[in-house]
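These are the residues of each chain, in order.
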Amino acid sequence: MASHGPACFSPPQPKWHHSWKKSSSTAPKRSAKASSNSETLFDYAAKKDRVAAIDVRMAEADFWTSQEKAQATVEERKSLTSIIAPLAEAIKRSDDLSAMIEMASEDPSFAADVPGEVAALETLVEQLKLKALLNGRHDAAGAILTINARDGGTDANDWAEMMLRMYTLWAQKNGYSVELLERQDNEEAGITHAALAVRGPMAYGYLRGETGMHRLVRISPFNAEGKRQTSFAAIDVSPEIADSFVVEINDDDVREDVFRASGAGGQHVNKTSSAIRLTHAPSGIVVQCQSERSQHKNRATAWKMLRARLVRQEEEKREAAEAAKYQQQAKVGFGSQIRNYFLHPDQRVKDARTKYQQGNFNAVLNGDIQGFLDAVLRWRAGQPVADDGEE
């Protein structure tokens, strides 16, 4: 999928406050120049033209000849629309607010509606500010998210499955499509490993900050003595790269292993060697897929995962180099502990990087993680982050 992430954006800031009084001698007006600048900085006209061109292409009879290219084009349109629609709404509301303030200076009955309109516009502007932070090279792409149970025994396997459910629910609640690429069940409970593709506007941009170690503290349901258990699950997020995107891989550097699939899946998984494991020697990256009955499909998925991981690795190197240039600590790191989930002695979830926290543990596990994702976006951009006030 081609990436069309937004350029750096400074949205038109409302100059009106809730304390506005109708006695003001001059009604504030939206600056046409400021609006024009924000539209230009956000490539508003270019994005509208691109959507129009896509609409023409989608209307052509042969559009769906190549399913992958067609789907990539549809996803590109969704990403562009996710920027264009709120920006257009903000510009319209800004114009309406200017008109309302002018009318309020002549008719006091309009004054009561001004604070509400200001609040609505400020909310839109804040949303656009966040979207403007999704400006990475691959932020508009889909995301391939892998989950691995780490230390903690069966509790860690159970925790990994809870994480899989959490991300799936978040994706579904936000209109993203989810495809389970790989799942390895643990014999007693939970999973050992899983990989899923999340597709939709800015999926990778939002999820990339989830890479790292997630720690759960709770009373173990698998311990008869009711002892407190600490479990870990490792998350890695890579951009889903279209086949048209060039990733240089020397075939001689990749070892392919074919083996029999294991775990849930019926008798078939033990009868044929359909599972594929790819090992990239220079980077040490290992990926595998056994979710399909077809060896060919598993191989194609494994290569897609390998390409995504290599692109992610290069992205991490660029970020580390940029951080070193400014003598900063790189704000990425697979394996670093990034978030703590507490069920004992109290219930809360707190991000170790941003310090953002939520007190409703169950809501978070049911997919309410957008606050954490937004906080990481601000943190990456060097902006202050406050928690939600819950303890």
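Residues numbered from 1 in each chain as written. Predicted model: local features only at pLDDT ≥ 70, side-chain atom pairs only at ≥ 80, totals over all residues. Heavy atoms only, no water.

1. Topic: the packing of helix H3 (residues 67–104) against helix H4 (residues 114–132)
It is at 10 Å that the axes of H3 and H4 come closest, and there the two elements cross at 155 degrees. On the basis of the axis angle, H3 is roughly antiparallel to H4. Here H3 runs over H4; the crossing is left-handed. Contacts between H3 and H4 involve Ser82, Ile83, Pro86, Leu87, Glu89, Ala90, Arg93, Ser94, Leu97, Met100, Ile101 and Ala104 from the former and Val114, Glu117, Val118, Ala120, Leu121, Leu124, Leu128 and Lys131 from the latter. Split by residue class, the contact of H3 with H4 holds 14 nonpolar, two polar and four charged. (Axes fitted to C-alpha atoms, helices over the stretch in contact; angles between N-to-C directions. Helix = DSSP H or I, 4+ residues; strand = E, 2+ residues; numbered from the N terminus. Parallel < 35°, antiparallel > 145°, perpendicular 65-115°, else oblique. Left-handed = near helix turned anticlockwise from the far one by under 90°. Contact = heavy atoms within 4.5 Å. Nonpolar A, V, L, I, M, F, W, Y, C, P; charged D, E, K, R; others polar.)

2. A few points about unusual backbone geometry
In the segment running from histidine 344 into proline 345, the intervening peptide bond is cis, with an omega of 5 degrees. Mapped onto the elements of the fold, proline 345 is located in the loop between strand E9 (337–342) and strand E10 (348–351). Not every positive phi belongs to a glycine, and methionine 202 is a case in point at roughly 60 degrees. Here methionine 202 lies in the loop between strand E3 (191–199) and helix H6 (203–207). The phi angle at lysine 355 is positive, at roughly 70 degrees, despite the residue not being glycine.

3. Some remarks on the packing of aromatic side chains
Inspection of the entire model under this criterion finds four aromatic pairs. Measuring from ring centre to ring centre gives 4.8 Å for tryptophan 159 and tyrosine 341, while their planes differ by 65 degrees; the resulting arrangement is edge-to-face. With a gap of 182 residues between them, tryptophan 159 in helix H5 (residues 154–173) and tyrosine 341 in strand E9 connect regions that are remote in the sequence. Both residues of the pair, tryptophan 159 and tyrosine 341, belong to the buried class. Positioned over the ring face of phenylalanine 259 is arginine 277, at 4.3 Å from the centre of the ring. (Phe/Tyr/Trp six-rings, centres within 6.5 Å; stacked < 30°, edge-to-face > 60°. Buried < 20%, exposed > 50% of the residue type's maximum accessible area, 1.4 Å probe, protein only. Lys NZ or Arg CZ within 6 Å of the ring centre and 35° of its normal.)

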